[in-house]
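# Structural overview
Residues per chain, in single letters:
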Amino acid sequence: MPAWRTETTSTMTTLDSTHDPARRSWVDSANDPATDFPIQNLPFGRFRRAGSGDPWRIGVAIGDRVLDLAQARSAGGWDVDIAALLEPLAAGDLNRFMALGAPARRRLRAALSDALTDSSDASDASGGRRDALASALLAQADAELTVPCTIGDYTDFYTGIHHATAVGKLFRPDNPLLPNYRWVPIGYHGRASSIVASGHPVRRPNGQTKAPDAETPSFGPSRRLDYELELGFLIGPGNALGEPIPMARAEEHLFGVTLFNDWSARDIQPWEYQPLGPFLAKNFASTISPWVVTMEALAPFRAAFVRPDGDPQPLPYLDSAQNRATGALDIRVEAWLQTAAMRAAGSPGVRLSAGNSRDAAYWTAAQLVAHHAAGGCNLQPGDLLGSGTLSGREPSEAGSLLELSDGGKRPIALPGGETRTFLADGDTLTLRAHCERPGARRIGFGACAGTILPAPPLP
Ligand code: MN
C-alpha cells in the first residue's frame, strides 16, 4: 500500500513547502505577481489544443501555460507512486483522480510543485528533466478549456444570507428571511447537463411568464435575464447510499473550488417556482470556471466560521470544532460587465460588484456536504454544489442584477451612457476571484465568462 493511503486526512488546512511564498518556478510567467496561477496554486483543468478536436486532456495551470499531465507522465523521472497517481490523469479522467481524496492530492501536489520549482540545482539530470517537462507545456492562449470533470449531479444552495434577505425583501417586505433559513441549508437539485465552461455563449431562454396585472401568461424571450455570483464546490470521494457523512469527515469529501454563474431568468422564476422550486428559470445554462483550485491550494485562506450574536448555533450534525476554527473561505469575488458597445470601443468593461465569500456565506462547504448526505443521499466524485449568490452586506457587494437594480426598478448607469436593469444580448458577464493574505502568495481562479446570445425564434 502506498504511504499516502495511510496518511491522516484531518490536515486539509496544514501548510507545507508547496505554500512557501518564496517558492518560484522555472516557468517564468508563474512568477508574475499578477498571475492567478503561481506555483502555489496548481489548479486542475480539462483542455486540448484549440481547434484540434482531440480528446480532452487533464492539465495543471502554471503561469500562462498548462502542463499536460499525459506528456508530463511520459517525461518520466517520477517516483512509482506518483506515476500511479498520474495514470488516471494521463488517461484524461479527472473524476477517477478526484475519487482518491486528499492524501493522494497532497502527494501529487508536492511532486508537481517540486518538479516545477526553480531550484538552484543545475545538474545535468535536473536540467534534462526540466527540458522534458518544458515540452509538456502549452500556452493557455493556444488551449481550449472545457468543464473540468464529468459532473454527474448538481445541487444549488442558497448560503448568501444578504442575498436571501435582499431578494426576500422584494417579495415579502415585512418578513424577508423565512424562519428555516438560519437552521437548514436551503437548496434545490439542479441540472448538470447544461453546465458549460467559461467562454461558451449563453442563449437567452424563451419561457412562460405572467405579469402581475396580466390575465394569462405568455411565452417568449426572458426580459429579466440575470447572473448569480457563486462558488462551485466539487466533490472528491463519494459516500455510499444510506451512509451519511459526519461533519468531522465532510472536508475529506471536497476536491476543490471553482467560480460558478447560475444564470437566472427572473421573469420566468416567480411564475413557475411554486410549489416545487426553480425549474426552467435556471436550467437553460450555468457557467463554471475551467480551473479547479484544490482545497490544498486554499489552505492559507481559511477563516473561522462565526455566527452573529443572537443567531442560533448549527444543530450538532452541522457542527464541528474544525468547522468553527477554519470552515470558511476567504475569497474575494468580483463580477464584471462588458457590453457590446464597450467591446466595440475596446473597453474591458466595468466592475459591477466586489465582495468576500467569508462575509457572504451563512453555511460552509463542509456543512453543505454534511447536510446533503444527512438523509443518506450518496454524493459522487465530480458532483457540484453551488454556494448560492454570494452578496455581501453592502449594496456594492451584491452578486446579482436583481439586487443591484432593486428588482429592476433602478437602472444602473454604465460608463458611456448605457444603463442596465438586466442583461442585454451581446453582454459579457465575467466572474473573477482571488485569495490574498499577508504571508501567503496570492492565487486566483481565472475567469468565468459568458456572452448572451439572442433568444431562439419562437415555435
Ligand atoms: Mn443560484
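Residues numbered from 1 in each chain as written. Predicted model: local features only at pLDDT ≥ 70, side-chain atom pairs only at ≥ 80, totals over all residues. Heavy atoms only, no water.

Right, let's talk about the pattern of salt bridges for a bit. Enumeration according to the criterion identifies 27 salt bridges in this entry. Residue E334 pairs with R351 through a salt bridge whose shortest N-O separation is 3.5 Å. Remark: R351 occurs in strand β21 (residues 350-356) and E334 occurs in strand β20 (residues 332-338); sequence separation between them is 17 residues. Of the charged contacts in the structure, one is a salt bridge between E418 and R420, with a shortest N-O distance of 3.5 Å. When salt bridges with common partners are traced through the structure, they connect D226, E228, D262, R266 and K282 into a single cluster. (Salt bridge = Lys/Arg side-chain N within 4 Å of Asp/Glu carboxyl O. Helix = DSSP H or I, 4+ residues; strand = E, 2+ residues; numbered from the N terminus.)

Under the criterion given, the structure shown has zero disulfides. C448 provides the cysteine sulfur closest to C149, a residue in no disulfide bond, and the two sulfurs are 14 Å apart. We classify C149 as buried; its relative accessible area is 2%. (Disulfide = S-S within 2.5 Å. Buried < 20%, exposed > 50% of the residue type's maximum accessible area, 1.4 Å probe, protein only.)

Throughout the structure, instances matching the rule amount to two cavities of 30 Å³ or more. In this structure, the largest cavity occupies an estimated 70 Å³ of space. Forming the walls of the largest cavity are L42, F44, V60, R105, L108, R109, L112, T294 and E296. No other element matches the four residues that helix α4 (residues 102-116) contributes to the lining of the largest cavity. Counted by class, the lining of the largest cavity contains five nonpolar, one polar and three charged residues. (1 Å grid on protein atoms, 1.4 Å probe; cavity = no way out; pocket = protein on both sides within 12 Å on 5 of 7 lines; lining within 4 Å. Points joined across faces, edges and corners; volume = space filled by probe spheres on them. Nonpolar A, V, L, I, M, F, W, Y, C, P; charged D, E, K, R; others polar.)

On to unusual backbone geometry. A cis geometry characterises the amide bond from Q274 onward to P275, with omega recorded as 10 degrees. Of note, P275 is situated in the loop between α8 (269-272) and β16 (286-288). You will see that L42, though not glycine, has its phi angle at about 60 degrees, which is positive. With respect to the helices and strands, the residue L42 is situated in the segment before β1 (44-49). You can call L42 buried: its relative accessible area is 5%. One non-glycine residue with positive phi stands out, namely D406, at about 55 degrees. Inspection of the secondary structure assignment puts D406 in the loop between α13 (401-404) and β23 (412-413). Judged by its relative accessible area of 28%, D406 falls in the partly exposed class.

What follows concerns the coordination of the manganese ion. At this site the manganese ion is bound by D156 (OD), E228 (OE), E230 (OE) and D262 (OD), with donor distances of 2.1 to 2.2 Å. All donors to the manganese ion come from one chain, and their sequence spacing reads D-x71-E-x1-E-x31-D. Within this pair, whereas D156 is found in strand β6 (residues 154-157), its partner E228 is found in the loop between β12 (225-226) and β13 (229-235), the two being separated by 72 residues in sequence. (Donors = N, O, S within 2.8 Å, 3.2 Å for Na, K, Ca; no water.)

The next thing to look at is the confidence of the model for the protein chain. Per-residue pLDDT for the protein chain averages 95, and the proportion of residues at 70 or more is 96%. Mean pLDDT across the secondary structure elements of the protein chain bottoms out at helix α5 (residues 124-134), with 81, and peaks at β16, with 99. Per-residue pLDDT stays below 50 along residues 6-10; that stretch engages in seven contacts with residues further than four places along the chain or on separate chains. (pLDDT = per-residue confidence, 0-100. Contact = heavy atoms within 4.5 Å.)

The contact between helix α2 (residues 80-90) and α4 brings their axes to 10 Å, and the two run at 105 degrees. Taken as axis vectors, α2 and α4 run roughly perpendicular relative to one another. The residues of α4 that touch α2, namely those facing D81, I82, L85, L86 and L89, are A104, R107, L108 and A111. Tallied by class, residues from the contact of α2 with α4 come to seven nonpolar, no polar and two charged. (Axes fitted to C-alpha atoms, helices over the stretch in contact; angles between N-to-C directions. Parallel < 35°, antiparallel > 145°, perpendicular 65-115°, else oblique.)

Now for α2. Listing the buried residues of α2 in full gives D81, I82, L85, L86, P88 and L89. Buried positions in α2, seen along its axis, are confined to an arc of 155 degrees and lie on one side of it. At the C-terminal side of α2, G92 shows a positive phi close to 85 degrees. (Arc of directions from axis to C-beta.)

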